[in-house]
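Residues per chain, in single letters:
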Amino acid sequence: MITRLQKSTSPGTSTRWIWRSALLVLVFWIAVDLFIPSQHTIRQFDPQEVAKLETDMWRSYYEKKPVLLFWQLAGGLRQQFHAPFWRSFKLGFQAAKAAFDFKEGGSSRAGCEKALPGLVSYYESIQALSSDKFDVPKLAKLELNWWIVHRQRERYSYNDLAKALTQTAAVQYNQSDAPFIMYGQLRANAMRLRDESSQQPSGTTEVDWRHIEKELNRAWSSLHESVRLNK
């Protein structure tokens, strides 16, 4: 009897039981995270953290570090849109796919618009997380528009980019354009700083990145103040 009891509680059996239990907990966590509805207002976020994450994502993108970029993107979605942990990676994949489709689309308007279905899916997922409602198709089109404006620098100015960013934010938060003009100008200027610094012989330096992050911090702080005052 004692021998049988010892066998039934051997270290190997206990270890397997622990691993199986841990696996069940993990599967349950992922299922709840991905499929159980969870909504929060997108008007509440830490602007300094969002600015830092965006700066880090820009660095990873231009330094061709896709794995790090994807991890940072998921972190940004958790910070800005309160995405649950596992769902943030699903959203990150949707955003990355849209960006890849845009990159592959070339310089023509028709080619760029291949990214639109992916952007619609991405913003549908954001809408599912948000207690604040917005026009998904319109927002996806405006997001794509500012991507195009930024890409086609020979055709559009940074003032055009600022206006496109302003319009995108206004639709996302269901407000007029006016509260987001400063945000649009500051974020467009951060993009200009990055673009111009990349043309230097030394490329974009640490000092340049600090200036870019400072400008993004001002941009996201301005947006945060605008949406906070118009709840």
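Residues numbered from 1 in each chain as written. Predicted model: local features only at pLDDT ≥ 70, side-chain atom pairs only at ≥ 80, totals over all residues. Heavy atoms only, no water.

Novice: Any chance you could explain the overall build of the chain here in plain terms?
Specialist: Looking only at helices and strands, the chain has 11 helices and zero strands in total. The secondary structure elements of the chain, listed N-terminal to C-terminal, are α-α-α-α-α-α-α-α-α-α-α. The buried share of the chain, reckoned over its 231 residues, is 42%. By element, 60% of the accessible surface of the chain is carried by carbon and sulfur atoms, the whole surface being about 13400 Å². (Helix = DSSP H or I, 4+ residues; strand = E, 2+ residues; numbered from the N terminus. Buried < 20%, exposed > 50% of the residue type's maximum accessible area, 1.4 Å probe, protein only. Areas by Shrake-Rupley, 256 points an atom, 1.4 Å probe, with all protein chains shown as cover.)

Novice: Please clarify how the packing of helix 8 (residues 136-151) against helix 9 (residues 158-172) should be interpreted in this entry.
Specialist: Axis angle and axis distance: for two packed helices, these are the angle between their axes and the distance between the axes, and together they describe the pair. Remark: helix 8 packs on helix 9, axes separated minimally by 9 Å, with the N-to-C direction vectors making an angle of 165°. On the basis of their axis angle, the class for helix 8 and helix 9 is roughly antiparallel. Pair helix 8 / helix 9 crosses with left-handed handedness. For the pair formed by helix 8 and helix 9, the contact residues are Lys138, Leu139, Leu142, Glu143, Asn145, Trp146, Val149 and His150 on the first element and Asp160, Leu161, Ala164, Leu165, Gln167, Thr168, Val171 and Gln172 on the second. (Axes fitted to C-alpha atoms, helices over the stretch in contact; angles between N-to-C directions. Parallel < 35°, antiparallel > 145°, perpendicular 65-115°, else oblique. Left-handed = near helix turned anticlockwise from the far one by under 90°. Contact = heavy atoms within 4.5 Å.)

Novice: Looking at this model, I keep getting lost on the packing of aromatic side chains. Mind explaining?
Specialist: Centre distance and the angle of the planes are the two values used to describe a pair of aromatic rings. Under the defined criterion, the tally for this structure stands at 13 aromatic pairs. When the centroid spacing of 5.4 Å and the interplanar angle of 45° are considered together, the rings of Trp71 and Phe89 count as tilted. Here Trp71 is found in helix 4 (residues 66-81), whereas its partner Phe89 is found in helix 5 (residues 85-104), with 18 residues between them in sequence. Classification of Phe89 by relative accessible area gives buried; the value is 15%. Taking the centre distance of 5.3 Å and the plane angle of 70° together, the rings of Phe102 and Trp147 count as edge-to-face. In this pair, Phe102 sits in helix 5 while Trp147 sits in helix 8, placing the two residues 45 residues apart along the sequence. As far as burial versus exposure is concerned, Phe102 and Trp147 are alike and both buried. We note Arg151 situated over the ring of Phe102; from NZ or CZ to the ring centre the distance is 3.9 Å. For Arg194, the ring lying beneath its charged end belongs to Tyr62, and the centroid distance is 3.4 Å. (Phe/Tyr/Trp six-rings, centres within 6.5 Å; stacked < 30°, edge-to-face > 60°. Lys NZ or Arg CZ within 6 Å of the ring centre and 35° of its normal.)

Novice: Would you mind showing me how to read the pattern of salt bridges here?
Specialist: In a structure, side chains of opposite charge can pair up when their charged atoms sit close to one another. In total, this model carries 13 salt bridges according to the counting rule given. Lys97 is the partner of Asp101 in a salt bridge, and the nearest nitrogen-oxygen pair spans 3.0 Å. With Asp101 and Lys97 both in helix 5 and four residues apart, this pair spans about one turn of that helix. Note on Asp101: relative accessible area 18%, which makes it buried. (Salt bridge = Lys/Arg side-chain N within 4 Å of Asp/Glu carboxyl O.)

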